[in-house]
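# A look at the structure
Take a look at the letters that make up each chain.
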Amino acid sequence: MFAVENGLQGDPRLQAISDAIRVIPHFPKTGIMFQDITTLLLDPVAFKHVVDIFVDRYKHMDISLVAGVEARGFIFGPPIALAIGAKFIPLRKPGKLPGKVISEEYELEYGNDRLEMSMEAVKSRERALVIGDLVATGGTLSASIKLLERAGAEVVECACVVGLPKFKGHCKLKGKPLYVLVEPSQLDEIAF
C-alpha cells in the first residue's frame, strides 16, 4: 500500500521526500534507473519526514523489533526502532556477522544475493517490521521475511521509502503487507 492510499494523499511531506531523491541513470548497470537516497539524507527536513511518517504508522502496532535490510535499511531502521521502543536487527550480506547465523538466498533485479541474520537476534513470537529503502522485485524483502519467520518472529509489515508502481494494490511478499511512501522519480522529471 502506498502512503497516498492510506490517508496521506496531498501530504506535502511525501512530495518533499520524492523531490529529495535523485535518479542516476544506468546504475549499477544499463537500464537501471537508480533511486539515490543520498540526496534525501542530505536534506534533514525530508529525512525527518520519512522517519516521522513511519513512526506515526508503527508506534501503536506493538512491534518489538525493526529489521533493517543492508545497507540502506540501516539508515532508516534505527531511528524508527528507537522512536517506537523496539530493538534494531541488521540483516547483513554474507560474512559480515559474527557467531551463528542463518541465511536466505534471493534474486535481485540484476543478479542474486544472500542475507544473513544472527541466530540470537530474534525471540519467538516477536512482532517484526522489515525496513528498506526501495522495493523493486520483492526478492530482498521476501528473503527478510523468511529469515525472521524461521527464527520465530511474526512479521507484521514491510516498509520502504520508494516502491515501484507494480506493487500498488498487491505484492508477492509471502502475504505480508507492504507500506511504501513514494513512487520512483523518473529521469525526465529531473532538471539538469
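As annotated in an unreviewed UniProt entry, the protein chain carries the name adenine phosphoribosyltransferase and is attributed to Raphanus sativus. The protein chain has a UniProt comment under Pathway (unreviewed entry) that states "Purine metabolism; AMP biosynthesis via salvage pathway; AMP from adenine: step 1/1." Quoted verbatim from the Catalytic activity (unreviewed entry) field of the UniProt record, the comment on the protein chain reads "AMP + diphosphate = 5-phospho-alpha-D-ribose 1-diphosphate + adenine".

In the structure shown here, the tally under the stated rule is 13 salt bridges. Linking D113 and K93 is a salt bridge whose minimum nitrogen-to-oxygen distance equals 2.7 Å. Here the residue D113 occupies a position in strand β6 (residues 111-118), and K93 occupies one in the loop between β4 (87-91) and β5 (101-108), the gap between them amounting to 20 residues. Two residues, E149 and K176, come together in a salt bridge whose shortest N-O distance is 3.4 Å. One end of the pair, E149, is in helix α5 (residues 139-150); the other, K176, is in the loop between β8 (154-163) and β9 (178-182), and 27 residues separate them in sequence. For E149, a relative accessible area of 28% gives the class partly exposed. For K176, a relative accessible area of 19% corresponds to the buried category.

Cut-offs used in this document
Residues numbered from 1 in each chain as written. Predicted model: local features only at pLDDT ≥ 70, side-chain atom pairs only at ≥ 80, totals over all residues. Heavy atoms only, no water. UniProt positions renumbered as here; feature names shortened; annotations may be inferred. Salt bridge = Lys/Arg side-chain N within 4 Å of Asp/Glu carboxyl O. Helix = DSSP H or I, 4+ residues; strand = E, 2+ residues; numbered from the N terminus. Buried < 20%, exposed > 50% of the residue type's maximum accessible area, 1.4 Å probe, protein only.

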